[in-house]
Every structure is written in C-alpha cells, then in structure tokens.
Amino acid sequence: MSQNNSEVDVATRKEQASMGQQAYNMVPMYTLKLVKERGVRYPVDKVMDNRSAEVILQAYLENKDCEHMVALMLDGQNNVLGLHLVSIGGIAGCGVTVRDIFKAAIVGRASALVLSHSHPSGSLEPSKEDIDLTVRAIEAGKLLGIPCVDHIIVSSGMNRGSYSFLQHNLLF
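Residue numbers run consecutively from 1 along every chain, following the written order of its sequence. Reporting in this predicted model follows two pLDDT cut-offs: at least 70 for local features of residues, and 80 or more for side-chain atom pairs to be given and counted; totals over whole chains, interfaces and linings ignore these cut-offs and use all residues. Only heavy atoms go into the side-chain values, all of them from the structure, while hydrogens and water stay out.

Asker: Break down the layout of surface pockets for me, citing the residues and quoting the values.
Answerer: In this model, the largest pocket occupies a volume close to 830 Å³. The definitions used throughout rest on a 1 Å grid laid over the protein atoms alone, on which a cavity is an enclosed set of points accommodating a 1.4 Å probe that cannot get out and a pocket is an open set flanked by protein within 12 Å on both sides along at least five of seven lines; lining residues are those having an atom within 4 Å of a point. Val35, Glu37, Gly82, Leu83 and His84 are, among the 25 residues lining the largest pocket, the residues nearest its centre. By the criteria applied, helices consist of DSSP H or I runs no shorter than four residues and strands consist of E runs no shorter than two, each listed in order from the N terminus. For the lining of the largest pocket, the secondary-structure elements that each account for two or more residues are helix H2 (50-61), strand E2 (80-88) and helix H3 (98-107). Broken down by element, the lining of the largest pocket gets its largest block of residues, 7 residues, from E2. As a working rule, the residues Ala, Val, Leu, Ile, Met, Phe, Trp, Tyr, Cys and Pro are called nonpolar, Asp, Glu, Lys and Arg charged, and the rest polar, with Gly in that last group. The residue inventory of the lining of the largest pocket, partitioned by class, reads 15 nonpolar, 4 polar and 6 charged. Grid points are joined across faces, edges and corners, and a volume is the space filled by probe spheres set on the points.

This is the structure in structure tokens:
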C-alpha cells in the first residue's frame, strides 16, 4: 500500500520534530507557459479598427457549429500576439468567466484584447449575457491594465457577418 505525498510529509515532519529538528512544510512551485499551437491565416498586419479585428476573428470563428469564445491578444502597437480559445460551448452559449478571458493575456503579456465569440444560430444581436460579460470584461481589463477594446460577435450561415460592440457604442 502506497502513501500519498501529504501523508509522507506529515510523517516526516513528526519524525523531525521528535528528534528536535525544525519541521518544514513543502510549498509546491508552479510554472505557467503559453504553448503555441497552430496558426490562423489573416490578411492584416495590425488591428487598427474593429474591421481589421473582424477579418481575423471571422477567419477562425465563421464556420463553427457551436459557440466558441476567443480573445485576440494585442501588443502596445496593436500587432497581433495571438488568439486564445477561451471556451467552447453548445449551440446556445458557453460558460465563461472573466478569469478565463484574461488568463492567456496575462501570461502572454498582452497590452489589450478583443473579445469575440460565434453565434452559430446566425443571429448578430448580443444577448443580455453577452452584454453582461462584456461589462465585466471591461471592468476587469481596467483593473489588470489590459483593456478590452471591443467585443465582436461572428455569425455564419445565411446571416454571415459580424457585430462590433464598439461600433454600436456598447462598450461602457
């Protein structure tokens, strides 16, 4: 029968204490890494406005059959650092926290991000949940020093297109 690490650590500390030695606890150490996977081809060099961001995001999101949420990470000159897949949901949504949105942006040292998700239903209208999440992401971005500069909804199918929160004055 094997013992787990915490049982061994407790036994070792008790043994050290019985011999008059100082007992120490072990603190686990962690390393965070961003791992580059595959790339997405896009025809723009920088994200200068919501339209250039839409081109990149449509290249990734336009044919998804279920909702995907991504964060497009930008450097200080609006060059694209990367695209982070935040969450994959069902046909009616995906459970996302603000923590999930900013995780890769923090590790990747992004200066800003564009939040985006797909609407496989073809609707371009933001839901109440979309608006609430955007408000929370903007607030968190201000606290973290990584502003959320837009939230873009991408749809496919017969209603192929995109909806920019910035363009519709929904960034609060």
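Asker: Which residues make up helix H4 (residues 128-144), and what are the values?
Answerer: The span expected for a helix works out to 1.5 Å for each residue beyond the first. In this model, H4 (17 residues) spans 24 Å end to end at C-alpha, consistent with the 24 Å of a helix rising 1.5 Å per residue. Here the term buried applies to any residue with accessible area under 20% of the maximum for its type, exposed to any over 50%, and partly exposed to those in between, with areas from a 1.4 Å probe on protein chains only. For H4, the complete set of buried residues consists of Asp130, Leu133, Thr134, Ala137, Ile138, Ala140 and Gly141. Contacts made by the buried residues of H4 are with strand E1 (68-74), H3, strand E3 (112-119) and strand E4 (148-155). Throughout, a residue-residue contact means that at least one pair of heavy atoms, one from each residue, lies within 4.5 Å.

Asker: How would you summarise the nonpolar core if you had to cite specific residues and measurements?
Answerer: By nonpolar core is meant a set of buried Ala, Val, Leu, Ile, Met, Phe, Trp, Tyr and Cys residues that side-chain atoms within 4.5 Å join together. Met69, Val96, Ile101, Phe102, Leu113 and Leu115 are the most contacted members of the largest nonpolar core, which has 20 residues in total. Going through the elements one at a time, E1, H3, E3 and H4 are the ones with two or more residues in this core. When residues in this core are grouped by element, the largest group, 5 residues, is from H3. Residues in contact with methionine 69, not counting those within four places in the same chain, are His84, Leu85, Val86, Ser87, Cys94, Val96, Ile101, Leu115, Ser116, His117, Leu133 and His151. Counting residues in hydrophobic clusters, the runner-up holds 14 residues, among them Val47, Val70, Ala112 and Val114.

Asker: Requested: an account of the packing of aromatic side chains, with residues and values cited.
Answerer: Side-chain rings of Phe, Tyr and Trp, where Trp is taken by its six-membered ring, are said to pair if the distance between their centres is within 6.5 Å; with planes under 30 degrees apart they count as stacked, over 60 as edge-to-face, and otherwise as tilted. The final tally for this structure, using the stated rule, is 1 aromatic pair. Taking the centre distance of 5.8 Å and the plane angle of 90° together, the rings of tyrosine 163 and phenylalanine 165 count as edge-to-face. Its relative accessible area of 10% is what places tyrosine 163 among the buried residues. Judged by relative accessible area, phenylalanine 165 falls into the buried class, the value being 1%. Seen from the ring of tyrosine 60, lysine 64 lies directly overhead, with NZ or CZ sitting 4.3 Å from the centre. Here, over-ring charges are defined by two tests on the NZ atom of lysine or the CZ atom of arginine: distance to the ring centre within 6 Å, and angle to the ring normal within 35 degrees.

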